[in-house]
Amino acid sequence: MAIDAPSSPSAQPWSDRLRHSTIILIAAALALSVVVSLGELSVMGGAAVFLCIAAAALIPWRLHDTAASRDDTRRVNPVESAAVAAVVAGMPDPAVLLDRAGRVIHLNAAAAQLAPALRRNELAQFALRSPEIITALREAIATTEPRRATYLDHVPVDRWMELMITPVPVPTTFGGADKCMLMTFHDQTPLRRVEEMRADFVANASHELRTPLAALSGFIDTLQGQAKDDPKARERFLGIMHNQATRMARLIDDLLSLSRVELSAHVRPDTLVDLLPIILQVADGLEPLARERQVDVETHLPEAPVMIAGDREELLRLFENLIENALKYGASGGRVIVSLTSADAPDGTQEIRVMVRDFGPGIAPEHLPRLTERFYRVDVGDSRSQGGTGLGLSLVKHILNRHRGRLLIESVPKQGATFSACFPQTRPSAPS
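Model, not experiment: these values are computed from the prediction.

A. Molecular detail of the UniProt feature "transmembrane region" (unreviewed entry) in the protein. In the numbering adopted here, UniProt assigns the feature "transmembrane region" (unreviewed entry) to residues 21-38 and 44-61. Across residues 21-38, helical content stands at 89% and strand content at 0%; the span's end C-alpha atoms are separated by 26 Å.

B. Structural context of helix α12 (residues 312-329). Over its 18 residues, α12 runs 26 Å from end to end, which matches the ideal 26 Å to within 8%, given 1.5 Å per residue. For α12, the tally of buried residues reaches 13 of 18 residues, placing the bulk of the element in the interior.

C. Structural view of the nonpolar core. Formed by 47 residues in total, the largest nonpolar core has its most connected members in L275, L318, F319 and F423. Counting only elements with at least two residues in this core, the list comes to α9 (231-263), α10 (275-285), α11 (287-293), α12, β9 (335-344), β10 (350-358), α14 (392-402) and β12 (417-424). With 8 residues, the top contributor of residues to this core is α12. If sequence neighbours within four positions are ignored, L275 has contacts with V306, I308, L315, F319, L340, I352, V354 and F423. Judged by nonpolar contacts, the second largest core, of 23 residues, contains L128, I133, I141 and F185.

D. The arrangement of the sheet that holds β12 in detail. Overall, mixed pairing links the 5 strands, which are arranged β7-β9-β10-β12-β11 in an open sheet. The strands lining the two open edges of the sheet, one partner per strand, are β7 (296-300) and β11 (406-411). Here the strands of the sheet are splayed against their neighbours by 20° on average, with no regard to which way each runs. Relative to β12, β10 is paired through 8 bridges, and the arrangement is antiparallel. What sits directly across from M355, in β12, is S420. Where α10 meets the sheet, its contacts fall on β7, β9, β10 and β12, and the angle it forms with β9 comes to roughly 165°.

E. Representation of the confidence of the model for the protein in the model. For the protein, the average pLDDT comes to 81, and 85% of its residues sit at 70 or higher. The low-confidence segment residues 1-12 (pLDDT under 50) makes 9 contacts with residues lying over four places distant or belonging to another chain. Low confidence marks residues 63-70, where pLDDT is under 50. Its contacts with residues over four positions away, or in another chain, come to 1 contact.

F. How the structure looks around the environment of D344. Structurally, D344 can be placed in strand β9. The exposed category is assigned to D344, whose relative accessible area is 52%. For the pair D344 and P424, spaced 80 residues apart in sequence, the C-alpha separation works out to 9.9 Å. Separated by 2.3 Å, the side chains of D344 and Q350 make a polar contact.

G. Up close: α10. All of the buried residues along α10 are L275, L276, I278, I279, V282 and A283. In a view along the axis of α10, the buried residues occupy a sector of 165°, so they form one face of it. Of the exposed residues in α10, the ones pointing more than 90 degrees away from its buried face are D284 and G285. Of the residues flanking the start of α10, the one acting as N-cap is D274, its side-chain oxygen 3.2 Å from the backbone nitrogen of L276.

H. Focus on the pattern of salt bridges. Per the counting criterion, the structure on display carries 14 salt bridges. Its salt-bridge partner being R159, residue D153 comes within 3.5 Å of it at the nearest N-O pair. E324 serves as the salt-bridge partner of K328, at 2.9 Å between the closest nitrogen and oxygen. On the criterion of helical spacing, the pair formed by K328 and E324 is a turn pair, its members being 4 residues apart in helix α12. For K328, a relative accessible area of 10% corresponds to the buried category. Connected via shared salt-bridge partners are E139, E145 and R147.

I. Structural detail: the sheet that holds strand β1 (residues 95-98). One open sheet holds the 5 strands; their spatial order is β2-β1-β5-β4-β3, and the pairing between them is antiparallel. Two strands in the sheet have a free side with no partner beyond their single neighbour: β2 (104-107) and β3 (147-153). When the angles between neighbouring strand axes are averaged without regard to direction, this sheet yields 25°. Two strands pair when backbone bridges link them, and β3 and strand β4 (residues 159-171) are joined in this way by 7 bridges, in the antiparallel orientation. The residue bridging L152 from the neighbouring strand is W160, located in β4.

J. Representation of the packing of α12 against α14 within the structure. At their nearest, the axes of α12 and α14 sit 9 Å apart, and the two run at 140° to each other. The hand of the α12/α14 crossing is left-handed. Between α12, through E314, R317, L318, N321, L322 and N325, and α14, the contact on the second element is made entirely by G392, L393, L395, V396, I399, L400 and R402. When the residues that make up the contact of α12 with α14 are grouped by side-chain class, the tally is 7 nonpolar, 3 polar and 3 charged.

K. Molecular detail of the environment of S42. Among the structural elements, S42 can be located in the loop between α2 (22-37) and α3 (43-58). For S42 and L32, which are 10 residues apart along the polypeptide, the C-alpha to C-alpha distance reads 9.8 Å.

L. Summary view of the packing of α9 against α12. Running from N to C, α9 and α12 point in directions that differ by 135°, and their axes come no closer than 12 Å. Here α12 runs oblique to α9, going by the angle between their axes. In the packing of α9 onto α12, the handedness of the crossing is left-handed. On α12, the residues touching R250, D253, D254, S257 and V261 of α9 are E314, R317, E324 and K328.

M. Just the environment of R210, in detail. Within the secondary structure, R210 sits in helix α8 (residues 189-224). On the basis of relative accessible area, R210 is assigned to the exposed category, the value being 52%. Residues R210 and M248, spaced 38 residues apart in sequence, show a C-alpha to C-alpha distance of 9.2 Å.

Conventions adopted
Within each chain, residues carry numbers counting from 1 in the order of the written sequence. It should be noted that, the model being predicted, local features are given only for residues of pLDDT at least 70 and side-chain atom pairs only at 80 or more, the latter also being counted only at that level, while totals for whole chains, interfaces and linings use all residues. Hydrogens and water are ignored here; the side-chain numbers use all heavy atoms of the structure. UniProt positions are given in the numbering used here, feature names are shortened, and annotations may be inferred rather than shown by experiment. Segments assigned H or I by DSSP are reported as helices when at least four residues long, segments assigned E as strands when at least two residues long, and all are numbered from the N terminus. Any helix carries an expected span of 1.5 Å times its number of residues minus one. Here the term buried applies to any residue with accessible area under 20% of the maximum for its type, exposed to any over 50%, and partly exposed to those in between, with areas from a 1.4 Å probe on protein chains only. Here the nonpolar core consists of buried residues drawn from Ala, Val, Leu, Ile, Met, Phe, Trp, Tyr and Cys, with membership extended through side-chain atoms lying within 4.5 Å. Contacts are assigned to residue pairs that have any heavy atoms within 4.5 Å of one another. Note on pairing: DSSP must find at least two bridges between two strands before they are called paired. Between N-to-C directions, angles span 0 to 180 degrees; the directions come from axes that are lines fitted to C-alpha atoms, helices contributing only their stretch in contact. Confidence scores here are pLDDT values: one per residue, from the predictor, ranging 0 to 100. Contacts described as polar in this section are N or O atom pairs within 3.5 Å, which, within protein, must combine one atom able to donate a hydrogen with one able to accept it, while residues neighboring in sequence count only if both atoms come from side chains. Think of it as the arc spanned by the lines of direction from the helix axis to the C-beta atoms. Just to be clear on terms, a salt bridge is a Lys or Arg side-chain nitrogen sitting within 4 Å of an Asp or Glu carboxyl oxygen. We call a crossing left-handed when the near helix sits turned anticlockwise from the far one by less than a right angle, and right-handed when that turn is clockwise. Under the convention adopted here, Pro, Cys and the residues Ala, Val, Leu, Ile, Met, Phe, Trp and Tyr are nonpolar, Asp, Glu, Lys and Arg are charged, and Gly plus all remaining residues are polar. Throughout this description, any angle smaller than 35 degrees is read as roughly parallel, any larger than 145 degrees as roughly antiparallel, any in the 65 to 115 degree range as roughly perpendicular, and the remainder as oblique.

See below:
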């Protein structure tokens, strides 16, 4: 199907031109007839004048259309075209295009969300009140050179933002050249948080390792000096040194395990494993600790196998951390229950939940959101006396993330705590 373009005056047939000029030709003929009848003009002169008028009326003239077209073209600024607006709107980061005066020409939805006060054809510095932004913008406009600035945005939450101002050459209305300013904003908050977490991790790891090392060094000096000939002091110091060395070895082991899990976090395990023998193996292995703490471990597990896609060694470590924590920090309740059930996940699918519940003192609500942070402890002294490294629940969280699962923590002070490891249920394979 073709679409006909509107015809120009030069393409119109002679019959149409004659019809449109009929009134002009009739009026000219009558006027010339009167002038000729009065003897003011000869017949030949009147005929010549009529032919000139007819030619002017019938011949297509396009001078007016051409001039109007040029005026319309000059009124449209190339920078304000729909194509430029589409480019700015399609940028993933907040972007604002300014003219040399700093007025907003185009902005995308992300920029409008970042700075709701931005308006087209208004100065950007009135909407962006950060001193770093205003300074960088003034320098970029004055020098027509790129500028970069970093600032902290406090609304609605604290965010570290990086602003880049790039001069963009653009054509002007009369065929010249000018420069607009393209402002792009990049959210640096995730990178900042990662850097802070890395710095905190190094500081905490160094502190945790320095403490047992200092203790070992001090006891070695004591054994080489005053306690060299004291058997009782030697035995007591050697026992403390053994505990400190064990604590340091466990810390290093947890750090290595956490590093391995993080390296493979993007690779989901695809081997089918049965959870029941893994849970029973961990419970049997921790039976000596349970007897030492006088805690009964009850397992409420189904008889049929429960298969999930998982890494057996990581799952052993996961359940060992959860049950061991319950035995150490919930021992006052004298009872720990390990159960397995199926429940609905938030997305509507089925998930398998392994719940470890103790009946100890419980955990205060303000501590629950931070329990999976590295080296975070509710009670630092109690944790260290129990041999904890502060990495157990962080390791549990990372293992569950790799298995595409989640960790639920429920606790009421003086009523114990429940830690639930949730795994997506493996779909049965379709028969071939």
